[in-house]
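Listed here are the chains, written in short residue letters.
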Amino acid sequence: MSGEARRPYDSRLRQARAADTRARIIEAAQQLFVERGYAGTTIPAIAGAAGVAVETVYRTASGKAGLLGAAVRAAVAGGAARADIPVSERPAVRRVIDEPDPVRQLQLYAATQPGIWARVGPLLHVLDAAATSEQSLLELRDQIITERRQGLRKLGRSLERRGALRSGLTAQRAGDIVYAVCGHANYDALVAQCGWSDREYQDWVAETLVAALLPRPT
């Protein structure tokens, strides 16, 4: 009886340890990819930085390309554990979805952008540089781009259902505008190159989206 009672606990403990190990591996991969680039990062180096066996790293993702993909998605989500949560259920995204006021909704979305690009931007530079020489990385980059564009078209549809979009603007076009305005290139240009603060960038994103998507005040 006591053995049976321990099994659910033991199972949860194993799952927690596996999740912790996976998070350490992804965090180690993130750091090494940024420091050394894709070509300069090896699976044994990631295993050493994470304090695990090489075989454990291979069980975590499908090779080095899979680890870079996991690292990018973890950076977007704010951690490996959060990456396992569906995008629509993540707290910051949920606040955007549930906000009834369109202006405030766009402001909340803008507030998510500086943190995301600060975390994921360096990894995207690694991915862009490596994608020119490896087909699997080119496919990964295209998949990330497609997922992001489709996700933002959902935001456009949300605004359309509420009757919030300016006249003549379709949900798809609205999502594409958000995709372009909030692209990494703009963050890189304004913050990394021009020296804007994150708050200045966030305010610009919010003001630009409100002006582009919503009816002008009368």
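I will try to describe carefully the structure that is included in this document.

Analysis parameters
Numbering of residues starts from 1 in each chain and follows the order in which that chain's sequence is written. Totals for whole chains, interfaces and linings use every residue, but because this is a predicted model, local features are given only for residues with pLDDT of at least 70 and side-chain atom pairs only at 80 or more, for both listing and counting. Water and hydrogen atoms were dropped before computing side-chain values, which therefore reflect all heavy atoms in the structure. To pair, rings of Phe, Tyr and Trp, with the six-membered ring standing in for Trp, must have centres within 6.5 Å; the planes then decide the type, stacked if under 30 degrees apart, edge-to-face if over 60, and tilted in the middle. We call a residue buried when its accessible area falls under 20% of the maximum for its residue type, exposed when it is over 50%, and partly exposed in between, using a 1.4 Å probe and counting protein chains only. A cavity here means a set of points on a 1 Å grid, drawn over the protein atoms and nothing else, where a 1.4 Å probe fits but cannot get out; a pocket is an open set with protein on both sides within 12 Å along at least five of seven lines, and a residue lines either one if it has an atom within 4 Å of a point. Grid points are joined across faces, edges and corners, and a volume is the space filled by probe spheres set on the points. Secondary structure follows DSSP: runs of H or I at least 4 residues long count as helices, runs of E at least 2 residues long count as strands, and numbering of each begins at the N terminus. When residues are grouped by polarity, Ala, Val, Leu, Ile, Met, Phe, Trp, Tyr, Cys and Pro land in nonpolar, Asp, Glu, Lys and Arg in charged, and all others, Gly among them, in polar. For this analysis, a salt bridge means a side-chain nitrogen from Lys or Arg found within 4 Å of a carboxyl oxygen belonging to Asp or Glu. Side-chain atoms within 4.5 Å link the members of a nonpolar core, which is a set of buried Ala, Val, Leu, Ile, Met, Phe, Trp, Tyr and Cys residues. Every residue pair with non-hydrogen atoms within 4.5 Å of one another is taken to be in contact. Contacts described as polar in this section are N or O atom pairs within 3.5 Å, which, within protein, must combine one atom able to donate a hydrogen with one able to accept it, while residues neighboring in sequence count only if both atoms come from side chains. Put simply, a patch holds well-exposed residues, over 30% relative accessible area, that have no salt bridge, with like charges counted together within 9 Å and Val, Leu, Ile, Met, Phe, Trp or Tyr side chains within 5 Å. The method behind every accessible area is Shrake-Rupley, applied with a 1.4 Å probe, and residues are considered shielded solely by the protein chains displayed. In this tally Asp and Glu are treated as negative and Lys and Arg as positive; neither His nor the chain ends contributes. A single reference atom marks each charge: NZ on Lys, CZ on Arg, CG on Asp, CD on Glu. Axis geometry follows a simple rule: fit a line to the C-alpha atoms, using only the stretch in contact for helices, then measure angles between N-to-C directions, giving values from 0 to 180 degrees. These descriptions rest on fixed angle ranges, namely under 35 degrees for roughly parallel, over 145 for roughly antiparallel, 65 to 115 for roughly perpendicular, and the rest for oblique. The crossing is said to be left-handed when, going from far helix to near helix, the turn is anticlockwise and less than a right angle, and right-handed when the turn is clockwise.

Taken as a whole and assessed by the stated rule, the structure comprises four aromatic pairs. Judged by centre distance (6.5 Å) and plane angle (80°), the ring pair of Trp196 and Trp204 falls under edge-to-face. Residue classification places Trp196 among the partly exposed positions, given a relative accessible area of 30%. Classification of Trp204 as partly exposed rests on a relative accessible area of 25%.

The volume enclosed by the largest pocket comes to roughly 1500 Å³. In terms of lining, the largest pocket is formed by 43 residues, of which the most central are Val76, Val87, Tyr109, Ile116 and Arg148. For the lining of the largest pocket, the elements supplying multiple residues, two or more each, are helix H4 (63-77), helix H5 (80-83), helix H6 (91-98), helix H7 (102-131), helix H8 (135-161) and helix H10 (184-193). Top element by residues in the lining of the largest pocket is H7. It accounts for twelve residues. Across the lining of the largest pocket, the residue classes break down as 22 nonpolar, ten polar and eleven charged. For the second largest pocket, the calculated volume is near 160 Å³. Together, 13 residues line the second largest pocket, and Gln30, Ala74, Ala75, Arg119 and Leu123 are the ones closest to its centre. Where the lining of the second largest pocket is concerned, the elements lending two or more residues are helix H1 (2-40), H4 and H7. Broken down by class, the residue content of the lining of the second largest pocket amounts to eight nonpolar, three polar and two charged.

Attention shifts here to the pattern of salt bridges. Inspection of every chain in the model, using the stated rule, returns eight salt bridges. The closest approach of N and O atoms between Arg73 and Glu147, which form a salt bridge, is 3.2 Å. Within this pair, whereas Arg73 is found in helix H4, its partner Glu147 is found in helix H8, the two being separated by 74 residues in sequence. Residue class for Glu147 comes out partly exposed when judged on its relative accessible area of 38%. Where salt bridges share partners, they join Glu89, Arg94 and Asp98 into one cluster.

Once that is clear, we can look at the environment of Ala129. Here Ala129 shows up in helix H7. For the pair Ala129 and Ser167, spaced 38 residues apart in the sequence, the C-alpha separation amounts to 41 Å.

Turning our eyes to something else, we now look at the nonpolar core. The biggest cluster of nonpolar side chains holds 63 residues, and the ones touching the most others in it are Phe33, Ile46, Leu137 and Leu213. Contributing elements (two or more residues each) for this core: H1, helix H2 (43-50), H4, H7, H8, helix H9 (171-181), H10 and helix H11 (198-213). Not counting residues up to four positions away in its chain, the partners in contact with Leu213 are Leu106, Leu159, Ala164, Leu165, Arg166, Leu169, Ala174, Ile177 and Val178.

This next bit is on the environment of Lys64. With respect to the helices and strands, the residue Lys64 is situated in helix H4. Setting aside chain neighbours within four positions, we find Lys64 in contact with Phe33, Tyr38, Ala39, Thr41 and Ile43. For Lys64, the side chain forms a polar contact with the main-chain oxygen of Tyr38, separated by 2.9 Å.

Right, let's talk about a positive patch on the surface for a bit. A cluster of basic residues, Lys154, Arg157, Arg161 and Arg162, forms a positive patch on the protein surface. Looking at the secondary structure, you find Arg161 in helix H8. Given a relative accessible area of 65%, Arg161 falls into the exposed group.

All right, on to the packing of H6 against H7 then. When two helices pack together, their arrangement is given by the angle between the helix axes and by the axis-to-axis distance. Closest axis-to-axis distance for the H6/H7 pair is 8 Å, and the angle between their directions is 165°. In this view, H6 runs roughly antiparallel relative to H7, as classed from their interaxial angle. Classified by chirality, the crossing of H7 by H6 is left-handed. Residues Ala92, Arg95, Val96 and Ile97 of H6 pack against Gln105, Leu108, Tyr109 and Thr112 of H7. Looking at side-chain class alone, the contact of H6 with H7 contains five nonpolar, two polar and one charged residues.

So far we have only geometry, and geometry alone does not tell us how the molecule works.
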